[in-house]
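A structural walkthrough
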Amino acid sequence: MNPVGYAAIVLQVGTVVAGAPLLTGLMRQTRARLEGRAGAGVLQPWRDVRKLLRKEPITPVGTGPAFRWAPLVLVATSLVLAVLVPLISTESPVRGRADLIVVVALLALGTVALALAGLDTGTAFGGMGASREMTIAALVEPTILMAVFALSIPAGSTNLPVIVAGAADEPARLTSPAGLLAIAALSVAVLAETGRLPVDNPSTHLELTMVHEAMVLEYAGPDLALVEFGAQLRLTVLLGLLASLFAPWGIATSASSLAAVLLALLLVVLKVAVLGTVLAAAEVFWAKLRLFRVPELLAGSFLLALLAVTASYFLGGEGGQ
Amino acid sequence: MLHLSQEPAMTALLLTAPAAAPLALAGAYTLGGLRAGRQAAEVSTVQRPLEPVAAGGGRAAAPMPAVAPTISPARRHPRDWAGLASPLVILACGALLAADVIDDGPVSAYSGLLRADALTAWMLLVVGAVAFIACASAPAYLAGERATDRATGRTVMGVPPAHGGPPARANSRVGEKPRVGEQSRAWGNYHVLVQAFLGAMCLAVVTANLGVLWVAIEATTIVTAFLVGHRRTRTSVEAAWKYVVICSAGIALAFLGTVLLYYAARQAGIAEAWALDWPTLVARADRLDPAVTRLGITLVVLGYGAKAGLVPLHAWLPDAHSQAPAPVSALMSGVLLSVAFAAILRYRVIADAALGPDFTRVLLAGIALLTLALAAALLLAQRDYKRMLAYSSMEHMSLIALAAAVGSPLALAAGLLHIAGHGLAKATAFCASGRILQLRGTSEIGRVSGLLAQSPWLGAVFGLAVVALLGFPPFSLFASELGIARAGFAAGAGLGWAMAAALLLVLIAFAALATRTARMLLGPAPTGATAVQDSPSALWPLTVGLAACAALGIATGPLGDLLSQAAAVLERP
Amino acid sequence: MSESLFSQLLNLACGAFLLAAVVVLWRRELAAIVRLFALQGLALATIALLLGLHEDRWDLLVVAVGIGALRAGLLPYLIRRALAVLVAGQDGGHGGGHGEARETQPLVNVAASLLTAAALTLLSYAVARPLVELDPTPATRALPVGLAVVLIGFFVLVTRRRALAQVVGFLLLDNGITATAFLATSGVPLIVELGVSFDVLLAVLVLQLLTVRVREAFGTTDIDDLRELHD
């Protein structure tokens, strides 16, 4: 048992938990500045959480266990994801379990829990949001699976740390057609999964367009805090995953020195912050897609992922097969 | 007998002339057309406000009198008759080459690019004969069209042409007439395009290079597009669009198949210069990779099948045949389909040598039966006589495909004879139908009756042509259909059943064709229509075609040797 | 050029070639579709160029330049000109905004056509297996890309309703075949290549003229309105 590995895990989870609301704050602040507003500051999400946690818990009449458990399931799955996804080190003690399929299944579990909660309230908005979320999820989950699968073919394993370590050793894999297509597909899928523009607008309550907000409309108090926190965790973990898969430089590939782990931590924070800022800046210039155009976008990204798989299967190997 | 193969220059000339003569004639027509166009432009700048009709009149300096049911030969355009030169050249070259190859075997020129064997000579003769009928009946047809243009042009000019907005939907196909100037200009290009069409078909027949064969067949699509769409009415533009899109896409598949075959040939160690050469490919077919060849041949059969009117890319055929000018329909139906099918026959030899006979047998028999079923079903419901003839073409092409599927010497000889007989009879039928359309102004079967009473000669020619197409003796289609059926039943149980099904479908088509033709021919002349005496010069080419078809059915004579040798070319090596 | 660099660049060019075809399905603006088609022509020329450099064949380089000029320059120019004529004609006529410039409603909606394209790609990989097994090299291993573009071109041809979108579909089909020829055998003999290019150019000219006539006769270039002839 390697103490550095455990230290890396603890550091990773701690950073994600602490940093997730900060990342959201950073993105909101970036948007605000680009739109010419002063903004509420980077710390505002933390203040929101504190405020919400102090309120008394309220559940609507007639809701069942699905409504009550969903926030907990969402946060729990997100936390497990934060443990599993290799952000800082590929030599962690949980590396054997950090399988691609497990990661996608955990993501789907969180999504389904929230959709069930939306249905459980019995309101029109909740049901509408849930059905929209499921439409999107039906295309997004396979896309993520496909895209990472395309990257796993050159590595020969669906284990995330192995894929990331392979890419860090051999950057040429990323500039192949398969790599580029997978990057494009995964980026779109992450946008959809985390409910960002152009798929969903996190800052709207317009009934024609909202997806995520419609599902969680009935939550209040600590439950709402958990839901928001879970969503922030997912965003952070997925952006981190994107950074690890496509810009794995600096990640600690051996569990020997604490210094390498700390350096990796610093780099990953930097990478995620840059990604978040870029995403926020892009959102300023994008318009949200009309809802019935969303499946086109997602089908497109699914197609890209599929092409990535076929490309890495057939084009890739130099005399491989 | 002349023995020309000792003289390479003579051989080269004989091989070049069938394709070059029509192209040269097309060039001459273009030049003449340019000159006439300049004159017309000068005339039109002066006269347009007063008499817009003369604008596109081309060489026709003297304005024609208003519409006349009979067209006096004195007013015929000499340009129209010049087009007969190229069919004569093709026929002559075909005959000389036939004499040559029967005695001495295949000849070639330009390092194998052009090559003639018995099949080439046979196809050249068919192309020449059908082109002769079509070109000889063109002057009368064109004169009739010009007369109707003038007549309707005067009446239409008052109405502004529908531009920009969707024009009012025409009630029937008869009333559609576009602006007269453009129409006449379209007729100016008619000869250029027809001659280019003939040249492309001859090139497809005489080349031994499968790549050049593809280029030539695709060229036929391009040059005939404007002939199909010459009227610029909604129906003819639609037909032209479908024709170009379906044929180009279909034939692109054939090119893909050709590329794959080329790949297989290169991998089999054949040098680049010879990897598309048909004799080389046949000789070394056993070395081709079977899987790649199978894929390539399937694509080629589908692709050229589109051009030959076979399922699944057949949808252009009835539209294009019904909208094109009658002589062009005659050429398309009579020879274009069979030229494309001759390409399939050539590929079939390669495929059989590389894959064994079963693959093409199943493929061709399946396609043939599907086409036949479709043609029979649509013939039953047909209300337009030009479309009826088009579906009858599909029926006959599927019989030829069935003959190719059987593949015995008898079947191949019968199939080739069927190509010739169908070409002659169908060309006659289409040319006659063009005259009927001019006479009655409608292509609906239900509105044409009493043809024999109104115009006995025309009715008789049309009726006899349909009788020939139905497969009655003495016409050659009787002999060839009999041959195909006998060969099919002799070829084994599977093909026997296919042949039985085919005969049943042919019977359905027979009934449909016969009843509809009878409805057109018989009955009293329509009230108000005067009896029309067609001038003999409009009908003699059609009579010649029928006579040739009948003669071929009674005795093949010197052509018998050529036919058996052509079938031998296509036999499995 | 080293072997691995060659195969990497070839793969990139093939990837761009396929991607252009896929994105054609995604876009509705005809102008964007034509731009994508021009990009695809460039990718095709790059494939030919790479093969020529790899095999030290100067004639292939010339062919590559010719293909680039035809498929990335001349053909897109012709289509764009036809498009400009159509759009101008419409503005002069009745309203309807930019109906001629957009593929508003393909017969199969965009999401479904993208998924179909995915299926077609898989199909082409399955079909191309024997081709690749015959002679596995970096070039032949990319053969399925050519076939996939052929199939996608066919699909565009069948499901798009604007006349010019169908023309682009036909050209995609043709690009795919040319790419197949290059990847399989470094191109067909020069005389055939010339003939094919000439035929394609003429076909596009004919289709361009026919498009104008379709519009004159029907008032629109929606091919679905061509329903006069049927049985």
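It should be emphasised that the depicted structure is a prediction, and the values quoted were computed from it without experimental measurement.

Right, let's talk about the overall build of chain B for a bit. Looking only at helices and strands, one finds 20 helices and two strands in chain B. Counting all 573 residues of chain B, 60% fall into the buried class.

The subject of this paragraph is the interface of chain C and chain B. Taken together, the 43 residues of chain C in the interface contact 42 residues of chain B. Elements that contribute at least two residues to the side of chain C that touches chain B include exactly helix 3 (58-92), helix 5 (129-134), helix 7 (143-159), helix 8 (163-185) and helix 9 (190-218) of chain C. Ranked by residue count, the leading element in the side of chain C that touches chain B is helix 9 of chain C, at 14 residues. Partitioning the side of chain C that touches chain B into residue classes produces 27 nonpolar, ten polar and six charged.

A few words on the packing of helix 1 (residues 3-26) of chain C against helix 2 (residues 30-55) of chain C. Axes are the key here: two packed helices are described by the angle between their axes and the distance separating the axes. Residues and elements named next belong to chain C. Direction vectors running N to C along helix 1 and helix 2 enclose 160 degrees, while the axes themselves pass 9 Å from each other. By the angle between their directions, the pair helix 1 and helix 2 is classed as roughly antiparallel. Crossing of helix 1 against helix 2: the hand is left-handed. In this structure, helix 1 contributes Phe 6, Leu 9, Leu 10, Ala 13, Cys 14, Ala 16, Phe 17, Ala 20, Ala 21, Val 23 and Val 24 to the contact, and helix 2 contributes Ile 33, Leu 36, Phe 37, Leu 39, Gln 40, Ala 43, Leu 44, Thr 46, Ile 47, Leu 50 and His 54. Considered class by class, the residues forming the contact of helix 1 with helix 2 number 19 nonpolar, three polar and no charged.

Grouped together as the largest cluster of nonpolar side chains are 402 residues, with contacts concentrated most on Ala 308 of chain A, Val 130 of chain B together with Ile 47, Ile 152 and Val 168 of chain C. Setting aside residues no more than four positions away along its own chain, Val 130 of chain B makes contact with Ala 330, Leu 331, Gly 334, Val 335, Gly 423, Leu 424 and Ala 427 of chain B.

Another point: the UniProt feature "transmembrane region" (unreviewed entry) in chain C. Residues and elements named next belong to chain C. When the UniProt feature table is mapped to this numbering, "transmembrane region" (unreviewed entry) covers residues 6-26, 33-54, 60-79, 107-127, 139-157, 164-184 and 190-210. The straight-line gap between the two end C-alpha atoms of residues 6-26 is 30 Å; of that span, 100% is helix and 0% is strand. Structurally, residues 190-210 comprises 100% helix and 0% strand, and the distance from its first C-alpha atom to its last is 30 Å.

What follows covers the interface of chain A and chain C. If you look at the interface, chain A gives 17 residues, while chain C gives 22 residues. Going through the elements one at a time, helix 7 (177-193) and helix 11 (294-316) of chain A are the ones with two or more residues in the side of chain A that touches chain C. For the side of chain A that touches chain C, the leading source of residues is helix 11 of chain A, giving twelve residues. Of the residues in the side of chain A that touches chain C, the class split is twelve nonpolar, three polar and two charged.

Cut-offs and rules
Residues numbered from 1 in each chain as written. Chains lettered and ligands numbered in written order. Predicted model: local features only at pLDDT ≥ 70, side-chain atom pairs only at ≥ 80, totals over all residues. Helix = DSSP H or I, 4+ residues; strand = E, 2+ residues; numbered from the N terminus. Buried ≥ 20, exposed ≤ 12 C-beta atoms within 10 Å, placed from the backbone. Contact = placed C-beta atoms within 7 Å. Nonpolar A, V, L, I, M, F, W, Y, C, P; charged D, E, K, R; others polar. Axes fitted to C-alpha atoms, helices over the stretch in contact; angles between N-to-C directions. Parallel < 35°, antiparallel > 145°, perpendicular 65-115°, else oblique. Left-handed = near helix turned anticlockwise from the far one by under 90°. Core = buried A, V, L, I, M, F, W, Y, C linked by C-beta atoms within 7 Å. UniProt positions renumbered as here; feature names shortened; annotations may be inferred.

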